[in-house]
Amino acid sequence: MTEGVVDIARMKPGDRFTRGSKVVDALSKAGLLIAILAVILYGSIANAAFFSTGNFLNVLTSMSIVGIVVVGMTFVLVVGGLADLSVPATIACGAILSLGLQPMIGPVPSFMVAVALAGAIGLLNGVLVGYFGVNPIIATLGVGTIGLGIVQAAVGGVIVYGTNPASAELVKGRLFGIPVVAIIFAAIAILGHIILSRSFWGRWTLATGGNYSAAEASAVPVRAVKAGAFVITGLAAGISGGLLGLTLQSARPLVGTGYEFSAITAVVVGGVSIIGGFGSVPRAIAGLVFVQLLTNVMVLEGVRTPVQGFVLGALIVCAVGMDAALRKRGGA
Amino acid sequence: MTDAHCALDMKGITKTFPGVKALSNVNFSVKFGSVHAVVGENGAGKSTLMKVLNGSYPPTSGTIRVGGTEVRMRRPADAQALGVRMVHQEINLVPDLSVAENVYLGRMPGKWTLLRRREMVAKATAVLEELGAAINPRERLGNLSISQQQLVEIAKAYAADPRIIVLDEPTSSLSEHETAALFSILRKMRDDGIAIVYISHRLKEVLQIADEVTVLRDGSMIETRPIEGITAGEMISLMVGREVSNVFPKSPAAIGAPVLSVENISDGKHFRDVSFDVRAGEILGLTGLVGAGRTEVARAIFGLSQLTGGTLRLGGREPGIRSPSDAVKAGIAYVPEDRKGDGIVPAMCVRENISLPILRQLSKLGCVSHGADRALAGHYVSQFAISPPDGERRINLLSGGNQQKAVIAKWLAAKPSVLILDEPTRGVDVGAKAEIHNIIGQLVAEGMAVLMISSELPEVLGVCDRVVVMRDGHASAPIDRKELSEERIMALATGEEVA
């Protein structure tokens, strides 16, 4: 007898959110925007270097590389795939191949091959998770470790350097004063947003994450959708790695270390549900902006690295806790 | 009534939520050693009243006495400490734990020591035996059927030595046979002096088991009466505030050629050599005890599991269904039994749920057409009178009946030629039930072939044109509507001849 005036019946004692999801949505979105503004305000007052074009361009550039991964990672979380831990390997793959192949086939084909191979790693993840039902954490950790091993073996563990200055100039350059990587990031974010919120594939992704069995019983190709999220992340990480390699003009096998954590932090802080079924690219990017600005302020203020880690960890715990609490409320 | 016989006495209970008065001045009392039924349409306040009783909702005003003493319950633990136990309609157990562990969850023997597993299993065995449930306490809970899990829920409540047990729709997943078994358990508990609050939409069962009945409507108590001298019709009119003449209307439809035919289909596990055909404009009932293999047949036809033998024809062709997408392409739709688990995506709105199976048709260049999506939802929301009439509302905020209408709408959008309905009216109230039956009636009138699985015999008898009865994975020959009787179906379902 949970029917009828279920809005009432489902509410828990002490529940503050009684007006349905719209208000809560608005609140949680606005909450993050307010937090971003607060960081900007604090940064501007506390440190003269913060509110400057130079600093913002720096933040924007470093944010763009992670941001491309964030777009992919959003799909993984929304589809209920927990997280893709093979990102460091796919980034390394993208960076090393896009530089290492340059002498043989030229910069553009190198980049394409690098991204395609990263996509293939994503496909392997996707097949393991979607079709064989392997736990995503285990599957992506395993595939990532293997991928990284292969990449290391291929380059002999040494650093690979770029040999094509023109491509480096292009990637490091600016268009109308905006860094090229930021423009690429924006384009990928917009594409990702359209796919997730407007396309049937995106709706399938949300449905699969929201209720796998119901989606399956609604003729949604759930296995392919789940696998697809990992392919998207593989491609995104490949592009991100390629751009990173071209920017740095050098690539080590461990170049992507930590990017998985940054991306997951951003997505979770953005309020995308870690259990799946809820989230959007703009939310994840808002989370990214917040985390990046906060980190930037902490760096400028000379906050020690362990403390920075502590703050970011606390943020994740709070965000996941919020998600759990909101889920209880929604009964979802 | 504050004497010792009174297990529970709630007086003047009012519960308001921001903007809504869910209960207004409700008086409700239950005696020890009796079964007290609570009936009412969905939204009448039964659920809220029970949540007040189990401590989930502290009342806004009013007093509660348990065993004659006034009590204050702020959380479910308070209610449990007073001996109030609730058995929810939805199963709240841990699938990966054993039956015994589930029965003693939270109260396992050996508080500060290691878990005394043997003692726990022995105790659980005793409880299950006492209840007459043939369940192995060492079995993993998830391996049990839904109806067995329901019995474990009851055993869990019973093992806690309660004074008051609240059962919310306990028979919604039970077959008639299992319901009878449950009733003997309830009578036993009643004779032990336990006060039983029994919430059900099934008035026939209320008449069988209850000693007293309380009718709620719109958050108010309408009447409490002894069960002697009240009829189902009277209860319904008290519930809805009007006379309802025909509970199961049957609109005649012209029956055409077979649309879906299955011949000797098997899945190698749950059913064998099942044959029947469903004709255009016909409602074919598939009934039997829970666990007889009905749902498995439906799921296999829909491609959610694989057939190991036999042929399946649709309009004379063999479509070769291996997945739900194949089934949808072939023109089959399936409204599943477990609405919450398989029917709806709770976090999505009504519109998104309805368009899910046909998203690709609604898309241009991969993007879902906003207009077409909205128009589709709008069409079904108004055609089926889904309430509230808002396609943008999250579907889990709707009542069960309205969720079910949305799930049916989802499948009609795919324009199937065969519609399989698995327990389509389970857990929905009288009004919504009639609406769903009307919808099914309209569909067959338009020539659709409907295969309806139902455990509720009055529904099967009232709605179906022909009925196939399953028992232990085998199907009977179809019985024509004219030759149907409850006795005949029960005889086939149980394999026992009725004198």
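This one's a predicted model, so the numbers in the text were calculated from it and none came from an experiment.

1. Structural notes on the overall build of chain B
A tally of regular secondary structure across chain B gives 17 helices and 22 strands. Scaling as 2.2 N^0.38, a compact globule of 499 residues should have a C-alpha radius of gyration of about 23 Å, and chain B matches this with 24 Å. With respect to the principal axes defined by its C-alpha atoms, chain B has extents near 70 × 50 × 50 Å. Each of the 499 residues in chain B was classed as buried or not, and the buried ones make up 53%.

2. Examining the overall build of chain A
Helix and strand counts for chain A stand at 15 helices and four strands. Per-residue burial over chain A gives 51% buried out of 332 residues. Relative to all contacts within chain A whose residues are 6 or more apart in sequence, the contacts with residues 24 or more apart total 79%.

3. A look at the environment of B:Leu307
Residues and elements named next belong to chain B. Within the secondary structure, Leu307 is located in the loop between helix 9 (294-301) and strand 14 (309-314). For Leu307, a count of 20 C-beta atoms within 10 Å puts it in the buried group. Distance from Leu307 to Arg272, taken between C-alpha atoms, is 9.9 Å for residues 35 residues apart in sequence. In this structure, Leu307 is in contact with Ile265, Ser266, Asp267, Ala300 and Leu312, ignoring residues within four places of it in sequence.

4. A few points about the sheet that holds strand 12 (residues 274-279) of chain B
All names here are of chain B. What the three strands build is an open sheet, ordered 12-11-14; its pairing is antiparallel. Pairing within the sheet leaves two strands with one partner each, and these edge strands are strand 12 and strand 14. On average, adjacent strands in this sheet sit at an angle of 5° to one another, irrespective of strand direction. Both strand 11 (residues 258-266) and strand 14 contribute to a ladder of five bridges, which runs antiparallel. Of the residues in strand 14, the one forming a bridge with Ser261 is Arg313.

5. With respect to helix 12 (residues 222-248) of chain A
All names here are of chain A. Under the 1.5 Å per step criterion, the end-to-end length of helix 12 is 39 Å for 27 residues, consistent within 8% with the ideal 39 Å. Buried residues dominate helix 12, accounting for 24 of its 27 residues. Just past helix 12, the residue Gln249 takes up positive phi, approximately 60°.

6. Notes on the nonpolar core
By size, the foremost hydrophobic cluster in this structure holds 182 residues, and its most contacted members are A:Val70, B:Ile420 and B:Val450. Here this core takes 14 residues from helix 12 of chain A, the largest share from any one element. Sequence-distant contacts of B:Val450, that is, excluding residues within four places in its chain, are made with B:Glu282, B:Ile283, B:Leu284, B:Leu419, B:Leu421, B:Ile440, B:Leu443 and B:Val444. In this structure, B:Ile154, B:Ile164, B:Leu167 and B:Met189 belong to the second largest nonpolar core, which totals 74 residues.

7. A look at the sheet that holds strand 9 (residues 212-217) of chain B
All names here are of chain B. Spatial ordering of the open sheet is given by 6-7-8-3-9-10, a layout of six strands whose pairing is mixed. A single partner strand is all that each edge strand has here, and the edge strands are strand 6 (84-87) and strand 10 (220-226). Averaged over all adjacent pairs, the angle separating strand axes in this sheet is 20°, with direction ignored. With five bridges connecting them, strand 7 (residues 164-168) and strand 8 (residues 195-199) associate as parallel partners. Counted as the bridge partner of Val166 is Val197 from strand 8. Here helix 1 (residues 46-53) sits on the sheet in contact with strand 3 (35-39), strand 6, strand 7, strand 8 and strand 9, set at roughly 150° to strand 7.

8. Some words on the environment of A:Ile195
Looking at where A:Ile195 falls in the secondary structure, it is placed in helix 9 (residues 180-198). A:Ile195 has contacts with A:Trp201 and A:Gly202, leaving out every residue within four places of it along the chain.

9. So, the domain arrangement of chain B
Note on interface size: it is often stated as the accessible area lost on association of the parts. All names here are of chain B. Taken as a whole, chain B is organised into domain 1 (6-240) and domain 2 (258-494). Centre-to-centre, using C-alpha coordinates, domain 1 lies 31 Å away from domain 2. Contact residues are listed per partner, giving 20 residues for domain 1 and 16 residues for domain 2. Looking at the side of domain 1 that touches domain 2 residue by residue, the classes come out as five nonpolar, ten polar and five charged.

10. Quick notes on the confidence of the model for chain B
Averaged over all residues, the pLDDT of chain B equals 85, while 93% of them reach at least 70. This complex was scored by the predictor with a pTM of 0.75 and an ipTM of 0.82.

11. Considerations on the pairing of strand 18 (residues 418-422) of chain B
Residues and elements named next belong to chain B. In terms of burial, strand 18 is largely enclosed, as five of its five residues are buried. Neither face of strand 18 is exposed, since Val418, Ile420 and Asp422 on one face and Leu419 and Leu421 on the opposite face are all buried. By the bridge criterion, four bridges tie strand 15 (residues 332-335) to strand 18 in an arrangement that is parallel. Following the sheet pairing, Ile332 is matched in strand 18 by Val418. Two elements, strand 18 and strand 19 (residues 449-453), share five bridges in a ladder whose sense is parallel. Pairing of Asp422 across the sheet is with Ile453, part of strand 19. Of the crossover connections in this fold, the one passing from strand 18 over helix 15 (residues 430-445) to the parallel strand 19 is right-handed.

12. Here we look at the pairing of strand 6 of chain B
Residue and element names in this part refer to chain B. Residue alternation in strand 6 divides its side chains into two sets, Val84 and Met86 and Arg85 and Val87, and both sets are buried. Direction of pairing for strand 6 relative to strand 7: parallel, over a ladder of four bridges. Each residue of the ladder has a partner; that of Val87, found in strand 7, is Leu167.

13. Let's talk about the packing of helix 3 (residues 53-78) of chain A against helix 12 of chain A
Residue and element names in this part refer to chain A. The contact between helix 3 and helix 12 brings their axes to 8 Å, and the two run at 175°. Between helix 3 and helix 12, the interaxial angle falls into the category roughly antiparallel. Side by side, helix 3 and helix 12 meet where Ile65, Ile68, Val69, Val71, Gly72, Met73, Phe75 and Val76 of the first sit next to Ala229, Phe230, Ile232, Thr233, Leu235, Ala236, Ala237, Ile239, Ser240, Leu243 and Leu244 of the second. Among the residues making up the contact of helix 3 with helix 12, the classes are represented as 16 nonpolar, three polar and no charged.

Procedures and definitions
In every chain, residue numbers begin from 1 and rise along the written sequence. Chains carry letters from A onward and ligands carry numbers from 1 onward, assigned in written order. The model is predicted, so local features are restricted to residues of pLDDT at least 70 and side-chain atom pairs to those at 80 or more, both for listing and for counting; the totals for chains, interfaces and linings are taken over all residues. Only DSSP runs of H or I with at least four residues qualify as helices, and only runs of E with at least two residues qualify as strands; both kinds are numbered from the N terminus onward. The quantity called the radius of gyration is restricted to C-alpha atoms. Its globule counterpart is 2.2 Å times the number of residues to the power 0.38. Whether a residue is buried, exposed or partly exposed is read from the other C-beta atoms within 10 Å of its own C-beta, which are placed from the backbone; 20 or more gives buried, 12 or fewer gives exposed, and intermediate counts give partly exposed. C-beta atoms are placed from the backbone for every residue, and two residues are taken to be in contact when these atoms lie within 7 Å. Here the rule is simple: two strands pair whenever DSSP picks up at least two bridges between them. Orientation is described by axes fitted as lines to C-alpha atoms, over the contacting stretch for helices, and by angles from 0 to 180 degrees between their N-to-C directions. Here, expected helix span is obtained from the residue count minus one, scaled by 1.5 Å. Among buried residues, those of type Ala, Val, Leu, Ile, Met, Phe, Trp, Tyr and Cys that are joined through C-beta atoms within 7 Å form a set called a nonpolar core. The start and end points of each domain follow an automatic or database-based domain assignment. Amino acids are sorted into nonpolar (Ala, Val, Leu, Ile, Met, Phe, Trp, Tyr, Cys and Pro), charged (Asp, Glu, Lys and Arg) and polar (every other residue, Gly among them). For every residue, the predictor states its confidence as a pLDDT score lying anywhere from 0 to 100. Note on handedness: a clockwise path from strand one over the helix to strand two, with the strands aimed away from the viewer, defines a right-handed crossover. In these notes the angle categories are as follows: under 35 degrees is roughly parallel, over 145 is roughly antiparallel, 65 to 115 is roughly perpendicular, and the rest is oblique.

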